[in-house]
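An overview of the molecular structure
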Amino acid sequence: TTGADNRFSFSVPATRKERILRLYVQSKNAETGLTAKLEQGAGRPIVTMKEDVASDGTSSRIYTISFQSDRDRDRMNVVWELKKPTDDAENHLGIQAVSLQ
């Protein structure tokens with residue numbers, strides 16, 4: 001997706017068992033933000049990120065999100081969005097893959 005105010009959002013099941021979600025993303029000429037939170041449970045997801053930036057301004061990231069709810073049937077909502085372009089050139093963001101363990 002390209003342009004300002006673009007985002008990807010999705011949800012995944014959350015239970016009392018710890019789960020790990022990996023989000024593989026790429027952006028160019030863009031400041032992005034990731035939020036992950038449980039709908040009902042009291043747990044707070046733990047997010048780590050590994051980033052590789054190319055000379056053309058393309059950023060490839062792997063977000064690893066560990067999460068666990070205090071309820072049996074919950075959902076974790078994830079939003080990855082373009083916060084602002086970093087220059088006047090074309091900007092974009094995309095999701096390459098998502099895995100859930």
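Residues numbered from 1 in each chain as written. Predicted model: local features only at pLDDT ≥ 70, side-chain atom pairs only at ≥ 80, totals over all residues. Heavy atoms only, no water.

Section: the nonpolar core
Soluble, globular proteins show a tendency: their nonpolar side chains are buried together. Here is the rule we go by: Put simply, buried Ala, Val, Leu, Ile, Met, Phe, Trp, Tyr and Cys residues joined by side-chain atoms within 4.5 Å make one nonpolar core. Relative accessibility thresholds used throughout: buried, under 20% of the residue-type maximum; exposed, over 50%; partly exposed, between the two (1.4 Å probe, protein chains only). Where helices and strands are cited, they refer to DSSP runs of H or I of at least four residues and of E of at least two residues respectively, numbered from the N terminus. Contacts are assigned to residue pairs with any non-hydrogen atoms lying within 4.5 Å of each other.
Membership of the largest hydrophobic core comes to 16 residues, with the highest contact counts inside it found for Leu21, Leu23, Ile65, Phe67, Met76, Val78 and Trp80. Of all the secondary structure elements, the ones that give two or more residues to this core are strand 1 (7–14), strand 2 (19–28), strand 3 (30–38), strand 5 (58–67) and strand 6 (74–85). Considering every element that reaches this core, the biggest residue donor is strand 6, with 4 residues. In contact with Met76, not counting residues within four places along its chain, are Phe10, Ser11, Val12, Ala14, Leu21, Ala36, Lys37, Leu38, Pro45, Ile65 and Phe67.

Overview of the sheet that holds strand 7 (residues 92–100)
Applicable threshold: What makes two strands pair is DSSP finding at least two bridges between them. Lines fitted to C-alpha atoms define the axes here, with helix axes fitted over just the stretch in contact, and angles between the N-to-C directions of these axes take values from 0 to 180 degrees.
The strand order 4-5-2-7 describes an open sheet built from 4 strands, whose pairing is antiparallel. In this open sheet, the two edge strands, each paired with only one partner strand, are strand 4 (46–53) and strand 7. Across the sheet, the mean angle separating the axes of adjacent strands is 15° when strand polarity is ignored. With 8 bridges joining them, strand 4 and strand 5 adopt antiparallel strand pairing. Counterpart to Met49 in the pairing with strand 5 is Tyr63.

Quick word on the packing of aromatic side chains
Formally: Working definition: a ring pair exists when centres of Phe, Tyr or Trp rings (six-membered ring for Trp) sit within 6.5 Å. Plane angles under 30 degrees give stacked, over 60 give edge-to-face, the rest tilted.
Inspection of the entire model under this criterion finds 1 aromatic pair. Taken together, a centroid distance of 6.3 Å and an interplanar angle of 15° make the contact between Phe8 and Trp80 stacked. Of this pair, Phe8 sits in strand 1 while Trp80 sits in strand 6; the two residues are 72 residues apart in sequence, bridging distant segments of the chain. Residue Phe8 is classed as partly exposed on the basis of its relative accessible area of 26%. Residue Trp80 is classed as buried on the basis of its relative accessible area of 1%.

With respect to the pattern of salt bridges
To keep things clear, this is the line we draw: A carboxyl oxygen of Asp or Glu within 4 Å of a side-chain nitrogen of Lys or Arg is what we treat as a salt bridge.
For the structure on display, the rule yields 5 salt bridges. Across the pair Glu81 and Arg7 runs a salt bridge whose closest N-O atoms are separated by 2.7 Å. Of this pair, Glu81 sits in strand 6 while Arg7 sits in strand 1, and the two are 74 residues apart along the sequence. For the salt bridge of Glu81 with Lys83, the shortest nitrogen-to-oxygen distance reads 3.2 Å. By sharing partners, the salt bridges in this structure join Arg7, Glu81 and Lys83 into a single network.

Topic: the environment of Arg19
As a reminder, the rule being used: As used in this structure description, the phrase polar contact means that two N or O atoms lie within 3.5 Å; if the pair is within protein, one of them must be able to donate a hydrogen and the other to accept it, and residues adjacent in sequence are counted only when both atoms belong to side chains.
Positionally, Arg19 belongs in strand 2. Note: C-alpha distance between Arg19 and Ser69 (50 residues apart in sequence) is 9.5 Å. Apart from residues lying up to four places away in sequence, Arg19 is in contact with Pro13, Ile65, Ser66, Phe67, Leu100 and Gln101. Side-chain polar atoms of Arg19 contact the backbone oxygen of Pro13, separated by 3.3 Å.

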